[in-house]
Amino acid sequence: MGKESKRQVLGAASMACLLIVVSLCITLLVSMDLPFLSWRNQIPNWRGNNGAREVDEVTIERDALMNLLRRLVIGEERNQLEVGGFTCHFDLHTEMCLSANPVRISNRGLTVHVLSNGSQFERSVRPYARREDKHMMTPVTPVQILHGDAGNSPPCHFIHGISAVIFSTAVTGNGFHEFSEMVIPLFLTCRHFQSQLKFVTTDRNASWIQKYSRILNRLSDYEALNLDDGSVHCFPGAVVGLRYHNILALNTSDVPAGYSMREFRQFLRESYDVKIKNVHEMEKLQKPVLILISRNHTRKFLNEDAVVELAQELGFEVVRAGPTLGSNLELWAKMVGSGNVLVGVHGAGLSNEIFLPDGAVIGLRPSFSEFRRPQWICIIWEYKIEPKESSLSEVYGPDDPVIVDPASIFAKGYVAGRAVYIDGQNVKINLDRFKDTLEEAMRLVRHSKT
């Protein structure tokens, strides 16, 4: 009896160990965030008991990936992708490569090994959507793509069953450029993946990732990868670089077709839980809300208090959006999303106009420069300041090229133009001129709420 009991105890212990091992295996598989079959794609000559059925399922997975990637290219580039599983797209703004073949990403995300039986070649991609601007592209580190060199590819430390999207977070700190060249391109490139992708950031900027975490989390169900530890991550496919249409733009006819600014703005409302979609939804009896972009340093209103007082006299509730909001996009979204009118000197703060309800009014004060008109907002003016309203008149005099020929300054390059008109200018608004503008804004606001 003693020996029999001992055998039962040992048997139970063995079974417990077996269960623990099985549980650990299941846990590890789950932790790799991949469909059950996908991990086998990375193992050469894998054979299971139901080989034919498994091959069919792997083929279905690859076809699904191909359908996602092919939306990002057209013409000969799409044909290259369908035939060889790899293609690249280069235009004025964008550098982008797509792989429907398995990839291994190493060297902090800066090297992508494409596993393919095709020819061996290399491509270099700077994954930021401002290719034509040498100044902006300076901090962007190129990603080296090594195609068809399977024998020299490193072994996998982590295996994923979803595609990787690689982009750079090197150029940050300016909300306008962050939206125009990073956030909108991310939406264009990734939205149709329905959150089944994993971001890999190069030139990693943790503060940018935190700032836009709500947007990243809505585009992907998975945390963005940090490869600074030197690990190698393997994926069934990858996108290196992002699609770009134009400055703060989504064009329904451009690749990938079908996306509009209206859809993007609804995506933002959902991301930041902004309830008001149109000014019609606001209470008709409440005062219209005018949001004033207030700055402490450059491009500030030298007579800001007088501007606020004038707006209040005309019936607006004025909210000053100042530097204390910082990079808190949630606060910006809620504040701007409940406003009727947005007023500010041309600059990064006005990029938050993207959160305005449909039918809102925006007043732009370009500092001797051009600004792309957002197509979703009712714009009533581009209040081009007169020379005597600019602090530059006192610094340079009324006849200096800075005042009479701004184009000659910008011809010296972006850095020269920015130093004068962005970093070196404040404005003192002519209240008589501005009163006419605010009265027109009030008329439009009241009309839009009827």
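Basis of the calculations
- Residues numbered from 1 in each chain as written.
- Predicted model: local features only at pLDDT ≥ 70, side-chain atom pairs only at ≥ 80, totals over all residues.
- Heavy atoms only, no water.
- Helix = DSSP H or I, 4+ residues; strand = E, 2+ residues; numbered from the N terminus.
- Buried < 20%, exposed > 50% of the residue type's maximum accessible area, 1.4 Å probe, protein only.
- Contact = heavy atoms within 4.5 Å.
- Areas by Shrake-Rupley, 256 points an atom, 1.4 Å probe, with all protein chains shown as cover.
- Pairing = 2+ DSSP bridges.
- Polar contact = N/O pair within 3.5 Å; in protein donor to acceptor, adjacent residues only side chain to side chain.
- Axes fitted to C-alpha atoms, helices over the stretch in contact; angles between N-to-C directions.
- Phe/Tyr/Trp six-rings, centres within 6.5 Å; stacked < 30°, edge-to-face > 60°.
- Salt bridge = Lys/Arg side-chain N within 4 Å of Asp/Glu carboxyl O.
- Parallel < 35°, antiparallel > 145°, perpendicular 65-115°, else oblique.
- Nonpolar A, V, L, I, M, F, W, Y, C, P; charged D, E, K, R; others polar.

Caption draft 1: Representation of the overall build of the chain. In terms of regular secondary structure, the chain is built from 15 helices and 16 strands. Going through the 450 residues of the chain one by one, you find that 51% of them count as buried. Residue pairs at least 24 apart in sequence account for 70% of intrachain contacts in the chain once pairs closer than 6 positions are excluded. For the chain, the exposed surface amounts to about 21,400 Å²; the carbon and sulfur share of it is 53%.

Caption draft 2: The sheet that holds strand S7 (residues 158–159), seen in detail. The six strands are arranged S5-S6-S4-S3-S10-S7 in an open sheet whose pairing can be described as mixed. Of all the strands in the sheet, just strand S5 (121–125) and S7 have a single pairing partner and so form its edges. Examined bridge by bridge, S5 and strand S6 (residues 143–147) share five bridges and lie antiparallel to one another. Bridged to Val125 within S6 is Val143.

Caption draft 3: Main features of unusual backbone geometry. Here the residue pair Val255 and Pro256 is connected by a cis peptide bond, since its omega of -5° sits within 30 degrees of zero. Residue position: Pro256 is located in the loop between strand S11 (238–240) and helix H8 (261–272). For Asn107, which is not glycine, the phi torsion reads 55° and is therefore positive. Its location among the elements puts Asn107 in the loop between strand S3 (103–106) and strand S4 (111–114). Relative accessible area serves as the criterion here: at 42%, Asn107 is assigned to the partly exposed category. Of note, the phi angle at Gln194 is positive, near 55°, even though the residue is not glycine. Locating Gln194 in the fold gives a position in the loop between helix H5 (175–190) and strand S9 (197–202).

Caption draft 4: The environment of Tyr259, seen in detail. Structurally, the position occupied by Tyr259 is in the loop between S11 and H8. We classify Tyr259 as buried; its relative accessible area is 8%. A polar contact of 3.2 Å, which involves the side chain of Tyr259, links it to the backbone nitrogen of His192.

Caption draft 5: Just the sheet that holds S11, in detail. Reading across the sheet, the five strands line up as S1-S2-S11-S8-S9 and stay open at both edges, with mixed pairing between neighbours. Pairing within the sheet leaves two strands with one partner each, and these edge strands are strand S1 (86–90) and S9. Between one strand axis and the next, the sheet turns through 15° on average, direction left out of account. For strand S8 (residues 163–168) and S11, the ladder comprises three bridges, and the chain directions are parallel. Across the sheet, the residue bridging to Ile166 is Val240, located in S11.

Caption draft 6: Structural detail: the pairing of S1. In terms of residue burial, S1 counts as a mostly covered element, since four of its five residues are buried. The pairing of S1 with strand S2 (residues 95–99) spans five bridges and is antiparallel. Note that in S2 the partner of His89 across the bridge is Met96. Counting the residues between successive antiparallel strands, the hairpin from S1 to S2 contains four residues.

Caption draft 7: Main features of the packing of aromatic side chains. Here the structure, examined in full by the defined rule, presents twelve aromatic pairs. Between Trp208 and Tyr212 the ring centres are 4.8 Å apart and the planes differ by 40°, which places this aromatic pair in the tilted class. Residue Trp208 shares its accessibility class with Tyr212, and that shared class is buried.

Caption draft 8: Summary view of the pairing of strand S14 (residues 341–345). Most of S14 is tucked away, with five of its five residues classed as buried. As paired strands, strand S12 (residues 289–293) and S14 are joined by three bridges and run parallel to one another. Within S14, the residue paired with Ile291 across the bridge is Leu342.

Caption draft 9: Quick look at the pattern of salt bridges. A full pass over the atoms with the stated rule returns 19 salt bridges. With its nearest N and O atoms 3.4 Å apart, the salt bridge here joins Arg130 to Glu132. We note a salt bridge from Arg269 to Asp358, for which the minimum N-O separation is 3.4 Å. Highlighted residues: Arg269 in helix H8 and Asp358 in the loop between S14 and strand S15 (361–365), separated in sequence by 89 residues. For Arg269, a relative accessible area of 6% corresponds to the buried category. Relative accessible area serves as the criterion here: at 7%, Asp358 is assigned to the buried category. Overlapping salt bridges, with partners in common, bring together Arg130, Glu132, Asp133 and Glu181 in one network.

Caption draft 10: Structural context of the packing of H5 against H8. Two elements in contact, H5 and H8, have axes whose closest approach is 11 Å; the angle formed by their N-to-C orientations is 90°. On the basis of the axis angle, H5 is roughly perpendicular to H8. Where H5 approaches H8, its residues Phe179, Val183, Ile184 and Phe187 are matched on the opposing element by Met261, Glu263, Phe264, Phe267 and Leu268. Of the residues that constitute the contact of H5 with H8, the class distribution is eight nonpolar, no polar and one charged.

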